[in-house]
Amino acid sequence: MNAPTVPTSQRAAVVALRSFLGRYGLILALLVLPVVYGIQDLSNEGDLTRLGANLVDGLSNGSIWALIALGYTLVYGIIALINFAHGDVFMIGSFAAAGFWAAIGLTLSSGTAALVFGLLATLIVATLASAVLNVMIERVAYRPLRNAPKLAPLITAVGFSFILQNVGILWRGGGQQGVDDLIDQNSVVFELAGVAVTRGDLLAVGVTVPLVILVTTFIARSRLGKAMRATAQDPEAARLMGINVDNTISLTFLLGGLLAGAAGLVYALYQTNLWYFQGFRAGLIAFTAAVMGGIGNLRGAVLGGLIIGCIEQISDNRIGGQWTPVIIFGYLILIMTFRPQGLLGEQTREAG
Amino acid sequence: MTAVVQFARSKSGQRAIIATVAVLAILYPFAFDPLATPMNTAIYVVAYVMMALGLNIVVGFAGLLDIGYVAFYALGAYAVGWLASDHFTGVGGETGIHVLVSDLIASSPGIHLNFFLVLVIAMIIAAVLGAVIGLPTLRLRGDYIAIVTLAFGEIIGRIALNGDEISLGGGHTLTAGQQAIAPVDQPFLPGVNYEFDSAFNLRPYYWLGLVLLTFTLFVNFRLRDSRLGRAWIALREDEVAAASMGVPLVRTKLLAYAAGAALGGIAGAFLGSYTTAISSNQFEFSFSIFVLAMVILGGLGSIWGVVAGAALLATIDRYIIPEVLDDLPSKFGLDFRLTQLSFGIFGFLLVLIMVLRPEGLFPERRRKIELTEGAGAADDSLYEARS
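Thresholds applied
- Residues numbered from 1 in each chain as written.
- Chains lettered and ligands numbered in written order.
- Predicted model: local features only at pLDDT ≥ 70, side-chain atom pairs only at ≥ 80, totals over all residues.
- Helix = DSSP H or I, 4+ residues; strand = E, 2+ residues; numbered from the N terminus.
- Rg over C-alpha atoms; globule rule 2.2 N^0.38 Å.
- Buried ≥ 20, exposed ≤ 12 C-beta atoms within 10 Å, placed from the backbone.
- Contact = placed C-beta atoms within 7 Å.
- Expected span 1.5 Å × (residues − 1).
- Arc of directions from axis to C-beta.
- Axes fitted to C-alpha atoms, helices over the stretch in contact; angles between N-to-C directions.
- Parallel < 35°, antiparallel > 145°, perpendicular 65-115°, else oblique.
- Left-handed = near helix turned anticlockwise from the far one by under 90°.
- Nonpolar A, V, L, I, M, F, W, Y, C, P; charged D, E, K, R; others polar.
- Core = buried A, V, L, I, M, F, W, Y, C linked by C-beta atoms within 7 Å.
- pLDDT = per-residue confidence, 0-100.
- Pairing = 2+ DSSP bridges.

**Comments concerning the overall build of chain A**
Along its length, chain A carries 12 helices and 4 strands. At 22 Å, chain A has a C-alpha radius of gyration in line with the 20 Å of a compact globule built from 352 residues. Counting all 352 residues of chain A, 51% fall into the buried class.

**Let's talk about the overall build of chain B**
A tally of helices and strands in chain B yields 16 helices and 6 strands. Relative to its length of 387 residues, chain B is compact, with a C-alpha radius of gyration of 22 Å against a globular reference of 21 Å. For chain B, the C-alpha atoms occupy an extent of roughly 70 × 50 × 50 Å along the three principal directions. Across the 387 residues that make up chain B, the buried fraction comes to 47%. If you take every contact in chain B between residues at least 6 apart in sequence, the share linking residues at least 24 apart comes to 73%.

**Observations regarding helix α7 (residues 203–224) of chain B**
Residues and elements named next belong to chain B. In this model, α7 (22 residues) spans 31 Å end to end at C-alpha, consistent with the 32 Å of a helix rising 1.5 Å per residue. Within α7, the full set of buried residues consists of Tyr205, Tyr206, Leu208, Gly209, Leu213, Thr216, Asn220 and Arg224. The buried residues of α7 occupy an angular sector of 160 degrees when projected down its axis, which confines them to one face. Counted as exposed and oriented over 90 degrees from the buried face of α7: Val211, Thr214, Phe218 and Arg222.

**Considering the packing of helix α4 (residues 70–83) of chain B against helix α5 (residues 115–137) of chain B**
Residues and elements named next belong to chain B. Remark: α4 packs on α5, axes separated minimally by 9 Å, with the N-to-C direction vectors making an angle of 140 degrees. Compared by their axis directions, α4 and α5 come out oblique. As for how α4 packs across α5, the hand of that crossing is right-handed. Between α4 and α5, the contacting residues are Ala71, Phe72, Leu75, Gly76, Ala79, Val80 and Leu83 on the first element and Val118, Ile121, Ala122, Ile125, Ala126, Leu129, Gly130 and Ile133 on the second. Of the residues in the contact of α4 with α5, the class split is 13 nonpolar, 2 polar and no charged.

**Brief notes about the nonpolar core**
Counting 232 residues, the largest nonpolar core has Ile68(A), Ala262(A), Val49(B) and Ala52(B) as its most contacted members. For Ile68(A), the residues in contact, after removing those within four places along its chain, are His86(A), Gly87(A), Phe90(A), Ala260(A), Ala263(A), Ala282(A), Gly283(A) and Ala286(A).

**A word on helix α7 (residues 223–233) of chain A**
Residue and element names in this part refer to chain A. By the burial criterion, the buried members of α7 are Ala227, Met228, Thr231 and Ala232. With its buried residues spanning 135 degrees around the axis, α7 presents them on a single face. Facing away from the buried surface of α7 by more than 90 degrees, the exposed residues are Arg223 and Gln233. For α7, the secondary structure elements touched by its buried residues are α2 (49–79), α6 (199–221), α8 (235–240) and α9 (245–271).

**Description of the packing of α5(B) against helix α6 (residues 142–161) of chain B**
Residues and elements named next belong to chain B. Running from N to C, α5 and α6 cross one another at 140 degrees; their axes reach a closest spacing of 9 Å. By the angle between their axes, α5 is oblique relative to α6. For the crossing formed where α5 meets α6, the hand is right-handed. Where α5 approaches α6, its residues Ile133, Pro136 and Thr137 are matched on the opposing element by Ile145, Val148, Thr149 and Phe152. Its residues assigned to classes, the contact of α5 with α6 comprises 5 nonpolar, 2 polar and no charged.

**Focus on the environment of Leu251(A)**
Residues and elements named next belong to chain A. Structurally, Leu251 can be placed in helix α9. Between the C-alpha atoms of Leu251 and Leu203, which are 48 residues apart in sequence, the distance is 27 Å. If we skip the residues at most four places from it in the chain, Leu251 touches Leu224 and Met228.

**Section: the interface of chain B and chain A**
Counting residues at the interface gives 43 residues for chain B, matched by 47 residues for chain A. Elements with a minimum of two residues in the side of chain B that touches chain A: α6, α11 (285–298), α14 (342–356), α15 (365–376) and α16 (380–383) of chain B. Looking at the side of chain B that touches chain A element by element, the count peaks at 12 residues for α6(B). Grouping the constituent residues of the side of chain B that touches chain A by class yields 28 nonpolar, 8 polar and 7 charged.

**Overview of the confidence of the model for chain B**
Residues and elements named next belong to chain B. Summing up the model confidence of chain B, the mean pLDDT is 85 and the portion of residues at 70 or higher is 94%. Ranking the elements of chain B by mean pLDDT puts α16 last, at 40, and helix α10 (residues 249–275) first, at 94. The complex prediction reports pTM at 0.87, with the ipTM value standing at 0.84.

**With respect to the pairing of strand β3 (residues 195–198) of chain A**
All names here are of chain A. The sheet contact formed by strand β2 (residues 188–192) and β3 spans 4 bridges and is antiparallel. Paired with Phe190 across the bridge in β3 is Val197. Hairpin connection, β2 to β3: the antiparallel pair is bridged by 2 residues, and Ala193 has positive phi, about 50 degrees.

**Points about the environment of Ala204(A)**
Residue and element names in this part refer to chain A. Considering the arrangement of structural elements, one finds Ala204 in helix α6. We classify Ala204 as buried; it has 27 C-beta atoms within 10 Å. Along the primary structure Ala204 and Ile308 are separated by 104 residues, whereas in three dimensions their C-alpha atoms are 15 Å apart. Beyond its immediate chain neighbours, meaning those up to four positions away, Ala204 contacts Ser60, Ser63, Ile64, Val266 and Tyr270.

See the structure below:
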């Protein structure tokens, strides 16, 4: 059989287009929303202030998602499991933070010094609560299933997610609940080319950046971090080299939980509105971020978090918040289908 | 005692058990008032068992973890909402479109098809959508598949919720948004001129459910024992080996999604018509997990196991938690109702089953062997993804 002959130049063009789309298609798809609304702003209002405001909000929201996405990516990197309960661990961190600061008497009238020290203490409590919870979940729900089929731990993860959501319902009831706006997060600190930057934005970025640097340095430099990387590469070989694989996995969950707890505190201060369902939502957004960046890749998770934060804000502001999940899940499906390794990740077997 | 167990294990014994259960199921309504709560519970049980059997094809037979199954429930229910209610008032002019409906409905505007026609259409729509959702997952494995199905399930739920913003022209919207599409038509048997009415008598609904369930069971058994069913099981056990033995991966996977979705669509249409209102807020992720929990509790791939698991969980969800145990916490001086926690209870059950008895209550024999072998072959599953 003779295949219909395509002129070689044409075929080469198709191949070139394919490889271009494969490499840059995702970036193009991600740029669609900001570019379209940027042009619209320019033609309607003559400047990009509105888009700028979206992006500032997006980056500060995105840094919260980045913290959560790091937890997903760390755990996936080491045991190739989507820790479905991670979003709910973040939610519990949020609740713990709000509960603790109320318990130590932080209110709107607290002085600056009390506020700073109180919130630092809250940060420690929230991160510890989430970290301990995350390690406990690993111990109870994932470790007994290490040798089971891969679907088993995913199912227990979903189970734990529901359990934690119900803990949330018992803790703060089924509806959304406001908490004290302790840091007056909406007050403008400075303006950048006409775009207001608020205290909340600064707080989100100010907590996220040091934590990300701390965690990446820990993993890149410390002995335990080396053990983590070794376990991620080849658990069996790591064990032969004398690394305690079980402890290393626990440590990974501990780190992920710490970051989720920090994100929980920032979220509580930034959104000033808590809900048992926030974890499920945030978990899916952060998971999308982790996949977008390339799951298993730390820098990718941060990048993905920031991008998804911006997309979310633009969609909330322009299309309507009720459609934002559709947009985000649409991106998730697109990425998983066409570029499962994400922006920075490598090919995995999962992603075929 | 051993003689009894032996009889129960033998083929004729199993037939006797199934026959007894079937007769009891058929006679069940006569034990209650036609509108009693147990009738309502039983109808839900039957519908949930159907859904679990549909999901069993995807997850149990083909091994594709689908956690967005609620999409097909939604689609089946909306098929009833679209094609058997006043929702599209104005379509077909003043009189509307009527096919084989009772005299009572023949004068109302909108599209009104006979329930059984809608059932077939719901099945087809759901099957097509199932295959469409399956498409992006073809290149993926394991938990990535789960996430894509989850994303689709959430998107469909969202579209249902915000469907009043999607205009179809002529003043029609896709769904009624936060409001329900209600009332929808009840099933009607044109030959004998009998119309169901859930306000007066639940028995016909129950029996209709049993008929649909029998069909679902039949489809399940025939598919499992068919060439396609063996291909699914081969796929589940080892995709690479199955492909190299000549199993066409794409077609086999898509058919699994489509078949599972079609059964979900039937169950959705049945429930939609029974509840007479299609409200958008019931199509949540937790429902997908609820159905998955039924399949896992019963034993992935084991048809009778899934029936038992689904019946058990559906009874717990529809009867034991809301009717029997709801005020249990208040007896201990706690200020909440148990219904608030039903999904936490199911989550707990999921964890418990997976850790203690991952093969489910009534495992399929083949699956049981796989699982016990898996424990011996150690680290395979943990490490394979890294290699």
